[in-house]
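Remarks on the overall topology
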Amino acid sequence: MIPMLLSGLAAIGFIAFSAMFLIWLERKISAWIQNRMGPMMTGFHGTLQPIADTIKLLLKEDIVPKGVDFLSWWLAPFFVTVPVVMAFLVIPFSPKWIALDLNVGVVYICSVTSLCVLGIFMAGWGSNNKYSLLGGMRSAAQIISYEVPLLLSVLLVVMEAGTLSMQGIIHAQSHGWFILKPHLTLAFLIYFISATAEVNRVPFDIPEAESELVAGYHTEYSGMKFAMFFVAEYTNMFIISAIATTLFLGGWQGPWLPGVVWFLLKSYGVIVLLMWMRWTLPRVRMDQMMSFAWKVLTPIALLNILISGWFMVK
Amino acid sequence: MISLLPDYIYILFFFFLGIVFVASAFAVSWFLRPRDPSVAKNSPYECGEIIKGDSRGQFNVRYYLYALIFVIFDVEILFTMPWAVVFRQLGMVAYLEMVVFILILALGLFYAWKKGALQWQ
């Protein structure tokens, strides 16, 4: 009972802290890439900026536009944020720091994180706004399309490790990270591209393309509801990086430093890569994006499974 | 048979924790925020123009086709997961059976491709 409560509270605390830190980091990295300073006024190098933002969002008026679909409008923030909290159940921060090492951990985290698409679509539908509906539709189509190559690359890791438990997969990498094996390097590339699309980041940010859709599915949201979408977005980024770390980068394994430090270093390293991409690459077109998922990534992932399966079983 | 009940209790606990997290954020903001609605403020955003037509209009049927193909592939991958865990122990027969399964699916994908279901226009 007590460990359950503690792990839950730790997860909530981590989500809040991590989202704030990531928002600060994103603004700083974008500033450095564009040769600006970024937030500097609140605290040392703007470190208190996320707290100021949170207070501002708490004090914002809650605007409910005319003609919203009330139920889906209200439930959408829950549907994007609750799965994010649930995913933290199986993230292995260190050999000891995992809320519960489910024996189907990989399937659990993949299924829970893909629930977010429901919330996104409900937000798009409920908002009674053309931009939101378009953004929600695009986002749903994109997330479900990239779910397939993502799961196929995860499947290859499961084949290699022979277990679905998150800790088990990390233990299977004690003689070398999975990313160092050629077929899993390919799987990592597929995973990374698909995961970028899953969290609607550049170059796959068609659903929230600011210049054409305002902000996509959360155009009409304000105040705390908007904040929930933001928390979910940034925490999802952490979750996909944590999955990448667990499945391909050896998890908490590493010399000298304690496991949790290694895990966070690797995860935030992947996140920095994602942010770097956001401020470097242009956006791809909708048709290019969809055909890339179905005509390039999925066949490659299927072939990869067939060929490396042959070598594993031979 | 291992009891799975503790696992489900953990999952349920995290589910309710998520709900409490969002609801408490909403509750705090409910006490603090101002309330001053007006007609202009509450109209949906459309670049500041007066809204034209219904916002829930027709949309491209392509989205639906992609969703259909996705459902098939998602279920297929879920079927393949247990196989992936044990296929080394089962050996060549299990591998060949999965090859047949995946080839049938690939055939389906190829068919959808040729039929133009994956074409975005």
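A few words on the nonpolar core. Residue and element names in this part refer to chain A. If you look at the biggest cluster of nonpolar residues, it comprises 145 residues, and the most contacted ones within it are F88, L89 and F238. If you tally residues by element for this core, the top one is helix α6 (residues 130-161), at 18 residues. Residues contacting F238, with those up to four places away along its chain left out, are F14, S18, L22, F88, I91, F93, F263, L264, S267, Y268 and I271.

Moving on, we get to the interface of chain B and chain A. Counting residues at the interface gives 65 residues for chain B, matched by 82 residues for chain A. Carbon and sulfur atoms make up 78% of the area that chain B and chain A hide from each other, which totals about 6800 Å². Counting across the interface, chain B meets chain A through one salt bridge. Salt-bridge contacts for R88 of chain B lead to E160 of chain A; the nearest nitrogen and oxygen are separated by 3.8 Å. Counting the contacts that link chain B with chain A gives four residue pairs in polar contact (both at pLDDT 80 or more). Elements represented by at least two residues in the side of chain B that touches chain A include exactly α1 (5-32), α2 (62-90) and α3 (92-115) of chain B. Residue contributions to the side of chain B that touches chain A peak at 18 residues, all from α1 of chain B. Here the residues of the side of chain B that touches chain A are counted per class, giving 45 nonpolar, nine polar and 11 charged.

Along helix α4 (residues 105-113) of chain A, seven of the nine residues are buried, which leaves the element largely enclosed by surrounding structure. Turning to α4 of chain A, its buried residues number three or more, namely G105, V106, Y108, I109, C110, V112 and T113 of chain A. Where α4 of chain A is buried, its residues touch α3 (70-87), α5 (116-126), α6, α7 (166-171) and α10 (223-247) of chain A together with α1 of chain B.

Here we come to a nonpolar patch on the surface. Side chains of L48, I51, I55 and L59 of chain A together with V28, W30, F31 and L32 of chain B sit close together on the surface and give an oily, nonpolar patch of about 800 Å² of accessible area. Broken down by secondary-structure element, the contributors of at least two residues to the nonpolar patch are α2 (49-58) of chain A together with α1 of chain B. If one sorts the elements of the nonpolar patch by residue count, α1 of chain B sits on top with four residues. Along the chain, the position of F31 of chain B falls in helix α1. You can call F31 of chain B exposed: its relative accessible area is 66%.

Residues and elements named next belong to chain A. The residue S165 is located in the loop between α6 and α7 in this model. Polar side-chain contacts of S165 include one of 2.9 Å to the backbone nitrogen of G168. Apart from residues no more than four positions distant in its own chain, S165 is found in contact with D101, L102, N103 and G105.

Okay, the pattern of salt bridges next. Residue and element names in this part refer to chain A. This structure, assessed with the given rule, holds seven salt bridges over all chains. Put simply, D62 and K225 hold a salt bridge, and the shortest N to O gap is 2.9 Å. Here D62, found in the loop between α2 and α3, pairs with K225, found in helix α10; they are 163 residues apart in sequence, far enough to count as distant. The buried category is assigned to D62, whose relative accessible area is 16%. A residue is classified by how much of its surface remains accessible, and K225, at 3% relative accessible area, is buried. Among the salt bridges present, the one from D287 reaches R285, with a minimum N-O distance of 3.0 Å.

What follows is about α6 of chain A. Residues spaced three or four apart along an α-helix point in a common direction, a consequence of the helix completing one turn every 3.6 residues. Residue and element names in this part refer to chain A. Compared with an ideal rise of 1.5 Å per residue, which puts 32 residues at 46 Å, α6 spans 46 Å between its outermost C-alpha atoms and is within 8% of the ideal. Approximately 30 degrees is the largest bend angle found in α6, and it occurs at E147, with the proline P149 only one to four residues beyond. Counting buried positions along α6 yields 30 of 32 residues, so the element is predominantly enclosed. Sitting at the head of α6, N129 places a side-chain oxygen 2.7 Å from the backbone nitrogen of Y131. With its phi angle positive at about 75 degrees, G162 sits one or two positions after the end of α6.

Reading guide: rules and limits
- All residue numbers refer to position in the chain's written sequence, counted from 1.
- By the order in which they are written, chains take letters starting at A while ligands take numbers starting at 1.
- Whole-chain, interface and lining totals are the exception, using all residues; otherwise, since this is a predicted model, local features are given only for residues with pLDDT of at least 70 and side-chain atom pairs are given and counted only at 80 or more.
- Each side-chain value is derived from all of the structure's non-hydrogen atoms; neither hydrogens nor water enter the calculation.
- By convention a nonpolar core is built from buried Ala, Val, Leu, Ile, Met, Phe, Trp, Tyr and Cys residues, the set being connected through side-chain atoms within 4.5 Å.
- Relative accessibility thresholds used throughout: buried, under 20% of the residue-type maximum; exposed, over 50%; partly exposed, between the two (1.4 Å probe, protein chains only).
- For helices the rule is a DSSP run of H or I covering at least 4 residues; for strands it is a run of E covering at least 2, with both sets numbered from the N terminus onward.
- Whether two residues are in contact is decided by their heavy atoms, any of which lying within 4.5 Å being enough.
- Buried area: the accessible surface (1.4 Å probe) lost by two parts on joining, summed over both.
- A pair is scored as a salt bridge if a Lys or Arg side-chain nitrogen falls within 4 Å of a carboxyl oxygen belonging to Asp or Glu.
- Nitrogen and oxygen atoms within 3.5 Å of one another constitute a polar contact, given that in protein one can donate a hydrogen and the other can accept it, and given that sequence-neighbouring residues count only through two side-chain atoms.
- Charged means Asp, Glu, Lys or Arg here, nonpolar means Ala, Val, Leu, Ile, Met, Phe, Trp, Tyr, Cys or Pro, and polar covers whatever is left, Gly included.
- Two joining distances apply to patches: 9 Å for like charges and 5 Å for nonpolar side chains (Val, Leu, Ile, Met, Phe, Trp, Tyr), and every residue must have over 30% relative accessible area and no salt bridge.
- Surface accessibility in these figures is a Shrake-Rupley result with a 1.4 Å probe; residues are shielded only by whichever protein chains are displayed.
- Multiplying 1.5 Å by the helix residue count minus one yields the expected span of that helix.
- The seven residues ending at a residue and the seven starting there each receive a fitted axis; the angle between those axes is the bend at that residue.

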